Amino acid sequence: MNRTVVIGVGNEFRGDDAAGRVAARRLRDLAPDEIVVHESSGEALSLMERWAGAGRVILIDASSTGIPPGTVQRFDASRAPLPSLYFHTSTHAFSVAEAIEMARSLASLPDTVIVFGIEGGSFEHGTGLTPAAEKGISEVLQLIRNEIS
Amino acid sequence: MSDPDPPRHTRTIKVDYLARVEGEGALHLGIREGRVEDVKLKIFEPPRFFEAFLRGRHFREAPDLTARICGICPVAYQMSACHAVERAAGVTLPRPLRELRRLLYCGEWIESHCLHLFMLHAPDFLGYESAIAMAKDHREVVQMGLKLKKTGNDIGTFLGGREIHPINVKVGGFYKAPRKADFTPLAEDLLRAADAAEKTVDWVAALPFPEFAGDYEYVGLSHPDEYPMNEGRILSNRGLDIEVAEYEDHFEEEHVPYTNALHSIHRGHGAYFVGPMARYALNHDHLSPRTLAAASRAGLGKVCHNPFQSIIVRALEILYACEEALRVITEYEEPDSPDIPVTITEACTGWGCTEAPRGLLYHRYDIGPDGLISQAKIVPPTSQNQKQIEDDLRKIVPLALHLTDAELQWRCEQAIRNYDPCISCATHFLKIKKEEVPS
């Protein structure tokens, strides 16, 4: 299957943690019809369900790795795990990195797995993104357009 | 430290960050001369002050506010909150709405038990560091577990409006009740799920179990007609038989300096055990014939005393919940209205106790004539089990002193996971610091 699935991951009520979801929402209006766009809280099993059968999955998630806020990082997790900093950062027992590795163990990972991390500036309670996260989202949207074109 | 074989009169096992539990906790264990001198299960998840948040809020907000306490078992919080408020208002739900609540609870038991059984606990028995590692060698089992868990999630989505933190539950019932025909796909899926759950029982029954028998006070709800979820009296296997409203006369919470969770004790008795093991011991005869047959095949009697076999009891409850969900769907009659009116015009108090996947979950609300909550008390299952977990470690460790430190730590973590402690939200990160002090 060559279907592409894009999943924006995050918690809408923890500031920049929503960056991935907001990016997915904006992408939905721009993406061609054959691209399926989802939002997710990041719970591993529902992530695995959403990318099941796809040839390519693109995940967008907020990151908190100590680099300047708004910085976008691109990882190709098709053949190797995400860097360890990406593990255990979710509010769920199994999150994005674990979902990818679980799917790899079960031989159900799409051929291509791309993860975009948008470094957040604030993960405080409440809604609303920092300008840095907004900038990161714009950059990710451009990168994804390049990726899928 | 360079001595190849130092005298080991004193051993200290420290697990700074417990993996595969729901939340952030640590373990400190001090052993001297074969005796466990010090056991501290430390929960350093910060206090969350939910009881204080509830003060001044309207009683109708209680189910949605308290659901946020847990992303794994939000239904339990919603159910205990609803029952407490409805008790205060003096209303009782008609059968179809009561049945729908039971169905929603079945969904939560299935998804929560599957998460713990397949992802967190089973790797302990098979020697894997994680479910991801286990999945490489046990692909079919893990796939079956994930599918089974999804059935539980699907019930939540169908009836609750979404997978986590349902939005369809309200004091007095639901915002919207399903039509009978809407259940068809779920019923078909549940038939398959029950078969998978039965296989799961057989699979976990064959795991290797450390030998141990605890002399426990099992505490849980008991109902004359059914395996308890939402209703019943609070019973123990040592003669306790009280109404939910009497809970605080018999159980108290105490502050313990090293942990952010309160310890619960049964006054005059001490530690007690809530959860699947307790429900099973107190309500064995209310399980379905198929579940009882599976229990018998697994070699379990009417009471299970080995906490390591809690994984079997959880599997049995998954099977029961699949069957019970099917029963509810088959017998469902559409209600006249998705909810009943609930009004409070004078000061009152309500108590609610339901069976969360991890055990008894107690709520009390004092409500003013304006409908605002003036006091709230919530006692989750993990704080009730915390003291019992420490007591288990005191008894399990002396039987396992022949093990290496790494093996002993493994055994201790496995013993903690017997209780599926839900500290809140989880990580999967382990740091170990070991200290040896030669005498």
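Conventions and cut-offs
- Residues numbered from 1 in each chain as written.
- Chains lettered and ligands numbered in written order.
- Predicted model: local features only at pLDDT ≥ 70, side-chain atom pairs only at ≥ 80, totals over all residues.
- Helix = DSSP H or I, 4+ residues; strand = E, 2+ residues; numbered from the N terminus.
- Rg over C-alpha atoms; globule rule 2.2 N^0.38 Å.
- Contact = placed C-beta atoms within 7 Å.
- Buried ≥ 20, exposed ≤ 12 C-beta atoms within 10 Å, placed from the backbone.
- Axes fitted to C-alpha atoms, helices over the stretch in contact; angles between N-to-C directions.
- Parallel < 35°, antiparallel > 145°, perpendicular 65-115°, else oblique.
- Left-handed = near helix turned anticlockwise from the far one by under 90°.
- Pairing = 2+ DSSP bridges.
- Core = buried A, V, L, I, M, F, W, Y, C linked by C-beta atoms within 7 Å.
- Expected span 1.5 Å × (residues − 1).
- Bend = angle between axes of the 7 residues up to and from the residue.
- Domains from an automatic or database assignment.

This part covers the overall build of chain B. Across its full length, chain B holds 13 helices and 14 strands. For chain B, the C-alpha radius of gyration of 22 Å lies close to 22 Å, the compact-globule estimate for 439 residues. With the C-alpha coordinates aligned to their principal axes, the bounding extent of chain B is approximately 75 × 45 × 35 Å. A fraction of 74% describes how many contacts in chain B between residues 6 or more apart in sequence connect residues 24 or more apart.

A few words now on the overall build of chain A. Counting secondary structure elements, chain A contains four helices and five strands. When the helices and strands of chain A are read in sequence order from the N terminus, they spell out β-α-β-α-β-β-α-β-α. By the compact-globule yardstick of 15 Å for 149 residues, chain A fits well, its C-alpha radius of gyration being 14 Å. Judged by the C-alpha coordinates and their principal axes, chain A covers about 40 × 35 × 20 Å. Here chain A holds 149 residues, and 50% of them are scored as buried. Within chain A, contacts between residues separated by at least 24 positions form 74% of all contacts whose residues are at least 6 apart in sequence.

Residues and elements named next belong to chain A. Orientation of helix H1 (residues 19-30) relative to helix H4 (residues 131-148), taken along the N-to-C sense of each, is 50°, at an axis distance of 10 Å. The pairing of H1 with H4 is recorded here as oblique in orientation. Note that H1 runs across H4; the crossing there is right-handed. Note on element contacts: H4 touches H1 through Ala-133, Gly-136, Ile-137, Val-140, Leu-141 and Ile-144, opposite Ala-19, Val-22, Ala-23, Arg-26 and Leu-27.

Residue and element names in this part refer to chain B. Taken together, the three strands give an open sheet; going across it, the order is S11-S12-S13, and neighbouring strands pair in antiparallel fashion. Each edge of the sheet is formed by a strand with only one pairing partner; in this case those strands are strand S11 (348-356) and strand S13 (373-379). Ignoring strand direction, the axes of neighbouring strands in this sheet form an average angle of 10°. Pairing of strand S12 (residues 359-367) with S13, which is carried by six bridges, proceeds in the antiparallel orientation. Following the sheet pairing, Arg-364 is matched in S13 by Lys-377.

Moving on to the environment of A:Glu119. Residue and element names in this part refer to chain A. The topology assignment puts Glu-119 in strand S5 (residues 112-119). In this structure Glu-119 comes out as buried when scored by C-beta crowding, with 21 C-beta atoms within 10 Å. Between the alpha carbons of Glu-119 and Gly-70 there is a distance of 5.1 Å; along the sequence they are 49 residues apart. Those residues within four positions of Glu-119 in sequence are excluded, and the remaining contacts are Ser-63, Thr-65, Ile-67, Pro-68, Pro-69, Gly-70, Thr-71 and Gly-136.

All names here are of chain B. Core analysis: the biggest nonpolar cluster contains 151 residues, and Val-85, Ala-315, Leu-316, Ile-318, Leu-319, Cys-322 and Ala-325 have the highest contact counts within it. With 15 residues, helix H4 (residues 95-126) is the single largest residue contributor to this core. Val-15, Leu-393, Ile-396 and Val-397 belong to the second largest nonpolar core, which has 16 residues in total.

Time to look at helix H12 (residues 381-396) of chain B. Residues and elements named next belong to chain B. For H12, which comprises 16 residues, the first-to-last C-alpha distance of 22 Å matches the rise-based estimate of 22 Å (1.5 Å per residue) to within 8%. The principal kink in H12, of about 30°, is found at Lys-387. Of all 16 residues in H12, twelve are buried; the element is thus mostly enclosed. Turning to H12, its buried residues are Pro-381, Thr-382, Gln-384, Asn-385, Gln-386, Lys-387, Gln-388, Ile-389, Glu-390, Asp-392, Leu-393 and Ile-396.

So, about the pairing of S12(B). Side chains on a regular strand alternate between the two faces of the sheet. Residues and elements named next belong to chain B. Taken across its nine residues, S12 has eight buried, putting it largely inside the fold. Of the strand pairs in this sheet, S11 and S12 are connected by nine bridges, and their pairing is antiparallel. Its bridge partner lying in S12, Thr-354 is registered against Leu-361. Hairpin connection from S11 to S12: two residues lie between these consecutive antiparallel strands.

For the rest of this paragraph, the subject is the domain arrangement of chain B. Annotation of chain B at the domain level lists domain 1 (10-46 + 403-436) and domain 2 (50-385). In this structure, domain 1 of chain B and domain 2 of chain B have C-alpha centres spaced 26 Å apart.

So, on to the sheet that holds S5(A). Residue and element names in this part refer to chain A. What the five strands build is an open sheet, ordered S2-S1-S3-S5-S4; its pairing is mixed. The open sheet has two free edges, formed respectively by strand S2 (35-40) and strand S4 (72-76), since each of these has just one partner strand. The sheet shows a mean angle of 20° between the axes of neighbouring strands, taken without regard to direction. Together, strand S1 (4-9), S2 and strand S3 (56-63) form the strand contacts of helix H2 (residues 44-51), whose direction differs from that of S1 by roughly 155°. Packing of H4 onto the sheet brings it into contact with S1, S2, S3, S4 and S5, and relative to S5 it is tilted by some 160°.

Our next topic: unusual backbone geometry. Among all residues save glycine, negative phi is the norm, and among peptide bonds the norm is trans. Backbone geometry at A:Ala107 places phi at a positive 55°, although glycine is not the residue there. Mapped onto the fold, A:Ala107 is located in the loop between helix H3 (96-105) and S5. The backbone of B:Asp420 sits at a positive phi, close to 50°, despite the residue not being glycine. For B:Asp420, the location among the structural elements is in the loop between helix H13 (405-417) and strand S14 (432-436).

Here we take up the pairing of S2(A). Where S1(A) and S2(A) come together, six bridges link them in parallel fashion. Directly across from A:Val5, in S2(A), lies its bridge partner A:Val36.

A few words on the environment of B:Leu104. All names here are of chain B. Secondary-structure assignment places Leu-104 in helix H4. Leu-104 sits in the buried class, given 25 other C-beta atoms within 10 Å. Taking the C-alpha atoms as reference, Leu-104 lies 24 Å from Leu-235; in sequence the two are 131 residues apart. Contact partners of Leu-104, with chain neighbours within four places excluded, come to Val-75, Ile-155, Gly-156, Leu-159 and Gly-160.

The next thing to look at is the environment of B:Leu393. Considering the arrangement of structural elements, one finds B:Leu393 in helix H12. Taking the C-alpha atoms as reference points, B:Leu393 and B:Val36, separated by 357 residues in sequence, lie 8.3 Å from one another.

Another point: helix H6 (residues 139-160) of chain B. Look at H6(B): 31 Å from first C-alpha to last across 22 residues, which is about the 32 Å you get at 1.5 Å a residue. Just past H6(B), the residue B:Gly161 takes up positive phi, approximately 95°.

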